[in-house]
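Structure at a glance
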Amino acid sequence: MANIPHVVILGGGFGGLSAANELRNALPSSQVKITVIDKKDWFMVGFVKLWIINGTRTFENSTGSLNELQKKEIDFIKDEILSINLEDKNVTTKTKEISFDFLIISMGAVLAPQRIPGLEQNGFNLYDHNHLLEIRKKLESIESGKIAISIMGMPYKCPPAPFEASLLIDSMLRKRGVRDSVQIDFYSPAPITLPAAGLEVSKQILELVNSEQIVFHNSCKIKSVESKKLIFENSEADFDLLLAVPPHIAPKVIYDSGLAKASGFIPIDRDCKTPFENVFAIGDVTSLTVVENMAVPKAGIFAEGEGITVAKNIISKIQSKEESVLFDGKGGCFIESGRDTASVIEVDMFSQSKPTTSLTELTSDNLSKKIEFEKERLSKWL
Ligand SMILES: Cc1cc2nc3c(=O)[nH]c(=O)nc-3n(C[C@H](O)[C@H](O)[C@H](O)COP(=O)(O)OP(=O)(O)OC[C@H]3O[C@@H](n4cnc5c(N)ncnc54)[C@H](O)[C@@H]3O)c2cc1C
């Protein structure tokens, strides 16, 4: 190890930024060199995408600049990561080769609409920031017809978000006075609304969307999309406007490095270690099994918790201490109702080795907490 250990963090999203800040808050630059690499130089909290769709935000007034990291003596490199060389302990970007003592892989999940034939030609990607303004324009002009929200692969980021999207869209249409002429259908490959949150919370989410006349169609496994038509394995459905959550995959670099198998994510345990010494993986790029057939959901709050866990363990190692911590699996996800209230899905993934979840009441206080959550992340990380 060089004199000052070098922690390289791949990805400046939820996981990467929480880890970088936790490290720097504990250790000065004389004790650890930190480098964050990301192909883009901005960060935005994921749920703001829905506020851009409903017109309460713009992209420009919702991002933080990763160049701000420099003020904390965290180096930021804006570049595309092309390869991770685990044996040689270095990372290659388009323009550089960067060696590391510790590596934190927090490269998120990639949206793969190309995996569904016809989707790119016939529908919008609800999670792609480049589609948000166009979606908003469509919602501001639709007078009648059918809107389909369709989940096209599991797992996907923030399981409640598409339901929240349906409620915010319902609200937009109600305010425009056209809701009675527009049908909103929600299609999911899952048998219940939120499998990761369990039966009871799923039932409550179903009641919430049904109370706004949003129709939930379960077990709809997508095969392809045609003009104004969804083709599922066992049925078909018409739409006028399609908002899709496409399949999620890991970045190509991850498969090339052998850290994950094709279509999968990097398997980790609660210590977020990979089989390679001092190489950790966190957040959406990973798969952390909770119980059989259930993994920690892909959500910023969990990426953040894993980032802090890994940072703490690296700090211990640098300080030659024995202590180590495990990711606690606790977190909460907001779900906005579209009626100026929100509730929180509270999750404890590893409570007595069995996950527990609950849904709080819809209150305006929870909506304020959601707004505060975003502000806090931007101000403490950048
Ligand atoms: C609409 C929506 C609503 C959401 N709501 C919530 C919510 O309420 N609560 C919640 O907790 N989560 C929410 N999420 C989910 C949350 O945004 C993600 O789970 C979170 O961002 C994951 O963090 P991460 O660090 O793993 O990955 P990311 O934040 O995606 O960061 C990964 C970074 O890696 C970079 N990268 C990837 N490949 C390369 C490469 N080859 N070279 C260079 N850089 C690369 C990317 O540019 C990106 O910046 C929501 C998401 C969406 C889309």
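Residues numbered from 1 in each chain as written. Predicted model: local features only at pLDDT ≥ 70, side-chain atom pairs only at ≥ 80, totals over all residues.

**Topic: the domain arrangement of the protein**
Going by this rule: Residue ranges labeled as domains rest on an automatic or database domain assignment. A pair of residues counts as a contact when their C-beta atoms, built from backbone coordinates, are within 7 Å of each other. Put simply, DSSP marks the helices as runs of H or I at least four residues long and the strands as runs of E at least two long, and each gets a number from the N terminus on. Polar here means any residue other than Ala, Val, Leu, Ile, Met, Phe, Trp, Tyr, Cys and Pro, which are nonpolar, and Asp, Glu, Lys and Arg, which are charged; Gly is therefore polar.
Domain boundaries in the protein define domain 1 (6-109 + 250-322) and domain 2 (111-247). Taking only C-alpha atoms into account, the centre of domain 1 sits 29 Å from that of domain 2. Taken together, the contact between domain 1 and domain 2 spans 16 residues of the former and 16 residues of the latter. Every element with two or more residues in the side of domain 1 that touches domain 2 is listed here: α2 (48-53) and β23 (294-295). The greatest single-element share of the side of domain 1 that touches domain 2, amounting to 4 residues, is contributed by α2. Along the lines of polarity and charge, the residues of the side of domain 1 that touches domain 2 split into 10 nonpolar, 3 polar and 3 charged.

**Looking at the site of the ligand**
Test applied: Residue proximity rests on one test: whether the C-beta atom, placed from the backbone, lies within 6 Å of the molecule or strand.
Around the ligand sit 35 residues, and of these G11, G13, G46, G108 and G283 come closest. Elements with a minimum of two residues in the shell around the ligand: α1 (14-26), β2 (33-38), α2, α8 (300-318) and β24 (330-336). The residue inventory of the shell around the ligand, partitioned by class, reads 17 nonpolar, 10 polar and 8 charged. When residues of the shell around the ligand are assigned to domains, at least three map to each of domain 1 (6-109 + 250-322) and domain 2 (111-247).

**A few points about the nonpolar core**
Keep this limit in mind: Defined on buried residues, the nonpolar core groups Ala, Val, Leu, Ile, Met, Phe, Trp, Tyr and Cys residues joined through C-beta atoms within 7 Å. Put plainly, a residue is buried at 20 or more neighbouring C-beta atoms within 10 Å of its own, exposed at 12 or fewer, and partly exposed in between, counting only other residues' C-beta atoms, which are placed from the backbone.
The biggest cluster of nonpolar side chains holds 113 residues, and the ones touching the most others in it are V7, I104 and I266. Here this core spans two domains, since at least three of its residues come from each of domain 1 (6-109 + 250-322) and domain 2 (111-247). Those residues in contact with I266, other than ones at most four positions away along the chain, are I105, A250, I254, L259, A260, T274, A281, V285, T286 and S287.

**As for the environment of A19**
For A19, the location among the structural elements is in helix α1. For the pair A19 and K72, spaced 53 residues apart in sequence, the C-alpha to C-alpha distance is 13 Å. For A19, the residues in contact, after removing those within four places along its chain, are I9, I104, S106, I282, G307, V310 and A311.

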